[in-house]
Amino acid sequence: MRHFLADDDLSPAEQAQVLALAAELKHAPYDAKPLAGPRTVAMIFDKQTLRTQSSFAAGIAELGGFPMLVDGALAGIGVRESVHDVARVLGRQASMIVWRTYAQGNLEEMAAHSGVPVVNALTDDFHPCQLLADLQTIQEHKQQLAGLTVAFVGDGACNMGNSWLLAGATAGMHVRISSPEGYAPSAAMVQRAAAIAATSGGSAALVSDPVAAVTGADVVVTDTWISMGKEDEAAARAAVFAPYSLTVELFEHAKPDAIAMHCLPAYRGKEIDAEVIDGPQSVVWDEAENRRHAQKAILTFLAEDLR
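What you see is a predicted model; the values in this text were computed from it and never measured. Within each chain, residues carry numbers counting from 1 in the order of the written sequence. For this predicted model, a pLDDT threshold of at least 70 governs which residues receive local features, and a threshold of 80 or more governs which side-chain atom pairs are given and counted, while totals over whole chains, interfaces and linings are taken from all residues. Computation of side-chain values covers all heavy atoms of the structure but excludes hydrogens and water.

1. Focus on the overall build of the chain
Working step 1: When its secondary structure is counted, the chain shows 13 helices and 9 strands.
Working step 2: Overall, the chain is about 55 × 40 × 35 Å in size when its C-alpha atoms are taken along their principal axes.
Working step 3: Here's how the labels work: a residue is buried when its accessible area is under 20% of the maximum for its type, exposed when over 50%, partly exposed in between, all with a 1.4 Å probe on protein chains only. Across the 307 residues that make up the chain, the buried fraction comes to 55%.
Working step 4: The contact criterion used throughout is that any non-hydrogen atoms of two residues lie within 4.5 Å. Look at the contacts in the chain between residues 6 or more apart in sequence, and 76% of them connect residues 24 or more apart.
Working step 5: For the purpose of charge, His is not counted, nor are the chain termini; Lys and Arg are scored as positive and Asp and Glu as negative. The location of each charge is read from NZ of Lys, CZ of Arg, CG of Asp or CD of Glu. Here the chain holds 22 positive side-chain charges and 37 negative ones, and the gap between their average locations is 6 Å. Here a helix means four or more residues in a row that DSSP labels H or I, a strand means two or more in a row labelled E, and each is numbered from the N terminus.

2. Considering helix α4 (residues 83-90)
Working step 1: When we look at burial in α4, the residues that qualify are V83, V86, A87 and L90. End-on, the buried residues of α4 take up no more than an arc of 105 degrees, which puts them together on one face.
Working step 2: Buried-residue contacts for α4 involve β1 (40-45), β2 (66-71), β3 (96-100) and α5 (104-114). Note that the arc is computed from the directions linking the helix axis to the C-beta atoms.

3. Some words on the side chain of E287
Working step 1: With respect to the helices and strands, E287 occurs in helix α13 (residues 284-302).
Working step 2: Of note is the side chain of E287, whose polar atom sits 2.9 Å from the backbone nitrogen of H262.
Working step 3: When sequence neighbours within four positions are dropped, the list of residues in contact with E287 reads Q130, A133, D134, T137, M261, H262 and C263. Definition of a polar contact: a pair of N or O atoms within 3.5 Å, with one able to donate and the other able to accept a hydrogen when the atoms are protein atoms, and with sequence-neighbouring residues admitted only if both atoms are side-chain atoms.

4. Let's talk about the layout of surface pockets
Working step 1: The calculated volume of the second largest pocket comes to roughly 150 Å³.
Working step 2: In terms of lining, the second largest pocket is formed by V248, F251, E252, A254, K255, P256, E275, V276, G279, P280 and Q281.
Working step 3: Breaking the lining of the second largest pocket down by element, the ones donating at least two residues are α11 (248-251) and α12 (274-277).
Working step 4: We call Asp, Glu, Lys and Arg charged. Ala, Val, Leu, Ile, Met, Phe, Trp, Tyr, Cys and Pro are nonpolar, and the rest, Gly among them, are polar. For the lining of the second largest pocket, the per-class residue count stands at 6 nonpolar, 2 polar and 3 charged. Of the grid points, spaced at 1 Å and generated over the protein atoms alone, those admitting a 1.4 Å probe that cannot get out make up cavities, while open sets with protein on both sides within 12 Å along at least five of seven lines make up pockets; any residue with an atom within 4 Å of a point is treated as lining. Grid points are joined across faces, edges and corners, and a volume is the space filled by probe spheres set on the points.

5. With respect to empty space enclosed by the protein
Working step 1: By the definition in use, this model includes 1 cavity of 30 Å³ or more.
Working step 2: What the largest cavity holds in volume is close to 30 Å³.
Working step 3: The wall of the largest cavity is formed by F4, D7, L10, Q15, P128, L131, L132 and A167.
Working step 4: Take the lining of the largest cavity: its biggest share by element is 3 residues, from helix α6 (residues 128-142).
Working step 5: Of the residues in the lining of the largest cavity, the class split is 6 nonpolar, 1 polar and 1 charged.

6. Some details on the sheet that holds strand β5 (residues 149-153)
Working step 1: At least two bridges found by DSSP between two strands are what make those strands a pair. With respect to topology, 5 strands assemble into an open sheet ordered β7-β6-β5-β8-β9, the strand pairing being parallel. Of all strands in the sheet, those with a lone pairing partner are β7 (203-206) and β9 (259-262), marking the two edges. With strand direction ignored, the average angle separating the axes of adjacent strands in the sheet is 20 degrees.
Working step 2: Relative to β9, strand β8 (residues 219-222) is paired through 4 bridges, and the arrangement is parallel. When the sheet's bridge partners are listed, V220 is paired in β9 with A260.
Working step 3: Axis angles are defined between N-to-C directions and span 0 to 180 degrees, where every axis is a line fitted to C-alpha atoms and, for a helix, only to the segment in contact. Lying on the sheet, α6 is in contact with β8 and β9; it crosses β9 at an angle near 165 degrees.

7. Some remarks on the environment of A213
Working step 1: With respect to the helices, strands and loops of the structure, A213 is situated in helix α9 (residues 210-214).
Working step 2: Taking relative accessible area as the criterion, A213 reaches 0% and is therefore assigned buried.
Working step 3: Taking C-alpha positions, A213 is 29 Å from D232, a pair spaced 19 residues apart along the chain.
Working step 4: Among residues more than four places away in sequence, those in contact with A213 are A151, R176, S178 and V207.

8. Regarding the packing of helix α1 (residues 12-27) against α13
Working step 1: Close contact between α1 and α13 brings their axes to 8 Å; oriented N to C, the two are set at 120 degrees. Judged on the interaxial angle alone, α13 and α1 are oblique. Handedness of the crossing formed by α1 with α13: right-handed. Taken together, the residues of α13 that come into contact with α1 (itself represented by E14, Q17, V18, L21, A22, L25 and K26) are E289, N290, H293, A294, K296, A297, I298, T300 and F301.
Working step 2: The residue inventory of the contact of α1 with α13, partitioned by class, reads 8 nonpolar, 4 polar and 4 charged. Angle categories are assigned with fixed cut-offs, so that under 35 degrees is roughly parallel, over 145 is roughly antiparallel, 65 to 115 is roughly perpendicular, and the rest are oblique. Each helix crossing is assigned a hand: it is left-handed if the near helix lies turned anticlockwise from the far helix by less than a right angle, otherwise right-handed if that turn is clockwise.

9. Considering the sheet that holds strand β4 (residues 118-122)
Working step 1: Taken together, the 4 strands give an open sheet; going across it, the order is β2-β1-β3-β4, and neighbouring strands pair in parallel fashion. Strands at the two margins of the open sheet, each flanked by one partner only, are β2 and β4. Neighbour-to-neighbour, the strand axes of the sheet open up by a mean angle of 20 degrees, direction not taken into account.
Working step 2: Relative to β3, β1 runs parallel, the two being bridged by 5 bridges. Looking at β3, one finds that A42 is bridged to I97.
Working step 3: Contacting β1, β2, β3 and β4, helix α2 (residues 51-62) runs over the sheet at an angle of about 180 degrees to β1.

Structure (structure tokens):
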């Protein structure tokens, strides 16, 4: 039984296969019906959501399935009922489970006991569906992934920093993470990405100076400094991360044809300038759309286990 719990659950060849399928499904969104029946896909949301819920619901329906919304607050997973018990219940009601939650360990426990494929729609550690959409977007604009340099500036210890390390390395990209002291990805995560990069031709590096990180980059990525659950740290984080804001001046150090990315929600004037996110080199809205196509591709890939 295959699951998609972290970015490196896909080998380089499998990642390329899923991205090629995402491009096909974007071109012909109603042709493939691997969830015809309709098969039910349980969608659980413990965290705030806009793009994740809308893109999964639309994508599941387009694949011929039924998106069953499970309110995380009402379900009380891990509080009212154990993750183990919920997994066994939902595994008998749905063909797949998509969960946007906090602890990666809970997601892994769900996968261990559900008996159906489980997809990580975001945890505190990883955001692999977003990275598939990001990679699809880069391919559309750059016609390649391997060999490109991507600079992630901001909170490198967040789920997006971790996922960029793993997914970028899997794609054969040269990933630079630039963060203030104390906000870099763990050494173990960097080593995990480096091991993948050794097989794919990519690389993974921590570059503390944001100018050095962005210089010559093909892709520049940022994310909010205030991840869900860290709102009480907003003022302190704003001061620490200010030098890592994706300003017009910082973006000018990238290649002239570089693209700017942000997974949203964005706070203009903080982690990114309005002139960058709303400018001609921004591909943010393509990213948001491609969540649907990329997620349809990973669901289709996992649906092989349903036959």
